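Observations on the three-dimensional arrangement
In case you want the letters, here they are:
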Amino acid sequence: MLRSREFGLFYAGQATSMLGDAMVPVALSFAVLARFRDAGSLGLVLTAETAPLVLTLLLGGVVADRVSRRRLLLVMDVIRAVVQGAAALLLAGGNWSLWQLAALFAVHGAATGLSSPALIGMVSATVPEAGRQRANALRSLAQSGGAVAGPAIAGLVAGIGNGALAIALNAGTYAVSAGCLAAMRPIPGRAREEGGAGVRSYLSDLRGGWQEFRSRTWIWVIVAQFGLFHLLVFPEVLVLGAVVSKRSLGGAGAWGAALAAFGAGSVVGGLLMLRWHPRRPMAVAVGFGSAFALFAAALIGPAPLVLVAATGAVGGIGFGVFDALWNTALSVHVPAELLGRVSAYDWFGSVALLPVGYAIVGPLAGSLGVGATLLMAAVSWTVLSVLALLVPSVRRLSAGTG
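It should be emphasised that the depicted structure is a prediction, and the values quoted were computed from it without experimental measurement. (Residues numbered from 1 in each chain as written. Predicted model: local features only at pLDDT ≥ 70, side-chain atom pairs only at ≥ 80, totals over all residues. Heavy atoms only, no water.)

Regarding a nonpolar patch on the surface
We apply this condition: Patches draw on residues past 30% relative accessible area with no salt bridge. Two like charges within 9 Å are joined, as are two nonpolar side chains (Val, Leu, Ile, Met, Phe, Trp, Tyr) within 5 Å. Using the Shrake-Rupley algorithm and a 1.4 Å probe, accessible areas are obtained, with residue cover drawn only from the displayed protein chains. A carboxyl oxygen of Asp or Glu within 4 Å of a side-chain nitrogen of Lys or Arg is what we treat as a salt bridge. Secondary structure is summarised from DSSP: a helix means a run of H or I of at least four residues, a strand means a run of E of at least two, and numbering begins at the N terminus for each. For every residue, the accessible area obtained with a 1.4 Å probe (protein chains only) is divided by the maximum for its type, and the residue is called buried under 20%, exposed over 50%, and partly exposed between those limits.
On the surface, Leu 375, Val 379, Val 383, Val 386, Leu 387 and Leu 390 cluster together into a nonpolar patch covering about 540 Å² of accessible area. The residue Leu 390 is located in the loop between helix H17 (370–389) and helix H18 (392–396) in this model. By relative accessible area, Leu 390 is classed as exposed at 57%.

Side note on the packing of aromatic side chains
The following threshold applies: Stacked, tilted and edge-to-face pairs are distinguished by plane angle, under 30 degrees for stacked and over 60 for edge-to-face with tilted covering the rest, among Phe, Tyr and Trp rings (Trp via its six-membered ring) whose centres lie within 6.5 Å.
Within this structure, the stated rule accounts for 22 aromatic pairs. Ring centres of Phe 229 and Trp 381 lie 4.6 Å apart, and the angle between their planes is 55 degrees; this geometry places the pair in the tilted category. In this pair, Phe 229 is assigned in helix H9 (residues 217–232) and Trp 381 in helix H17, connecting sequence segments 152 residues apart. On the basis of relative accessible area, Phe 229 is assigned to the buried category, the value being 2%. Joined through ring pairs, the aromatic side chains of Trp 218, Phe 226, Phe 229, Phe 234, Trp 255, Phe 262, Phe 292, Phe 295, Phe 319, Phe 322, Trp 326 and Trp 381 make up one cluster.

Some points on the confidence of the model for the protein
Going by this rule: One number per residue, pLDDT, summarises how confident the predictor is, and it ranges from 0 to 100. Residue contacts follow a heavy-atom distance rule, with two residues in contact if any of their heavy atoms lie within 4.5 Å.
When pLDDT is averaged across the protein, the result is 85; 93% of the residues are at 70 or more. This model gives residues 190–197 a pLDDT under 50, and the stretch forms 21 contacts once residues within four places in sequence are excluded.

Digging into H9
What counts is decided by this rule: The length a helix should cover is 1.5 Å for every residue beyond the first.
Between its terminal C-alpha atoms H9 stretches 23 Å, which fits the 22 Å expected from 16 residues at 1.5 Å a residue. Looking only at H9, the buried set comprises Trp 218, Ile 219, Val 221, Ile 222, Val 223, Gln 225, Phe 226, Gly 227, Phe 229, His 230 and Leu 231.

Focus: the pattern of salt bridges
In total, this model carries 5 salt bridges according to the counting rule given. Between Arg 80 and Asp 77 there is a salt bridge, and its shortest N-O distance comes to 2.8 Å. Taken together, the positions of Arg 80 and Asp 77, both in helix H3 (residues 69–93) and 3 residues apart, correspond to about one turn of that helix. On the basis of relative accessible area, Arg 80 is assigned to the buried category, the value being 9%. Here Glu 212 and Arg 216 are joined by a salt bridge, their closest N and O atoms 2.6 Å apart. Like Glu 212, the residue Arg 216 is buried in the burial classification. Counted as one network, the salt bridges with shared partners bring together Arg 5, Glu 6 and Arg 185.

This is the structure:
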């Protein structure tokens, strides 16, 4: 895969920017908690980032199917480099307010929403169908490798400039990714210019993507599962995991180590998918992905750091397997000319409730307690995984084209 010049450049840029992205949760969490000392403030910043992301996803899907995906990703990387650079300067100055940080991360979220639907299509555009699972596994490995190194780096530098250095490094990684995309040759036959760019054409494109999305039960069932995951599970683990680590596990370094262990597990999952091609990919993906519940459960006690890290690693293996199989299934089963829009509906449905999840995690923890909220997250993810596996089209989806 990496001998292909275009995929190699795309992969290098993605690997670099995903390393930078993995630094942000630890750096941002402890910068906000150090200044405001409550989960609600962190939840508000994360809500400010994810709400614009959700609102721009569907537009990003239409744009990804209309114009050069490479150019779209390039422009959004430049925007994110500038925004993260500004956030780093803000944090380094020391005298910042919550709304200033929230506004910068809102722009970052909007740029991410516009670019995300184009990513799967870029893999399809640079790799033949027979190699897509390996290419997606490699991309998952890059993300997982970043998830190992990023939190560890952020944990080490969290005390330097109150998170500013880690955010500045993230800005630099976007600049590297933009450079890689600029060096790629234009990919012929991927832009769809006909139909104009008016509101009517935009809505027509959305309807076409929606018809494809809803016609495949296995897609919308998994998207619904992850929609509830981002309401009831992920915000609780990300926000309350930082709170638990600050109180009981040793602070930013400990949380960075736990997230790095999750990333290490994802590396193992990605490596596994380089060679393993299961006949029923979605059944395997959902089954492995359910292991994330163990990570949430380990934070309830909390368990010793070594056990939290171990369960994080197991959850990472599950998500590494899921990510490679899910992206491959979409690229194989969805027509290329609709992939951007279907991917947009995937992203939109999966993360639409994430801003709500971030907004309610503080009040939930205040009302139920941190331990009970984490228990709710672990039980919810287990139940959602079982329900998804009960759907025949999820269990029976084959690896071949169809």
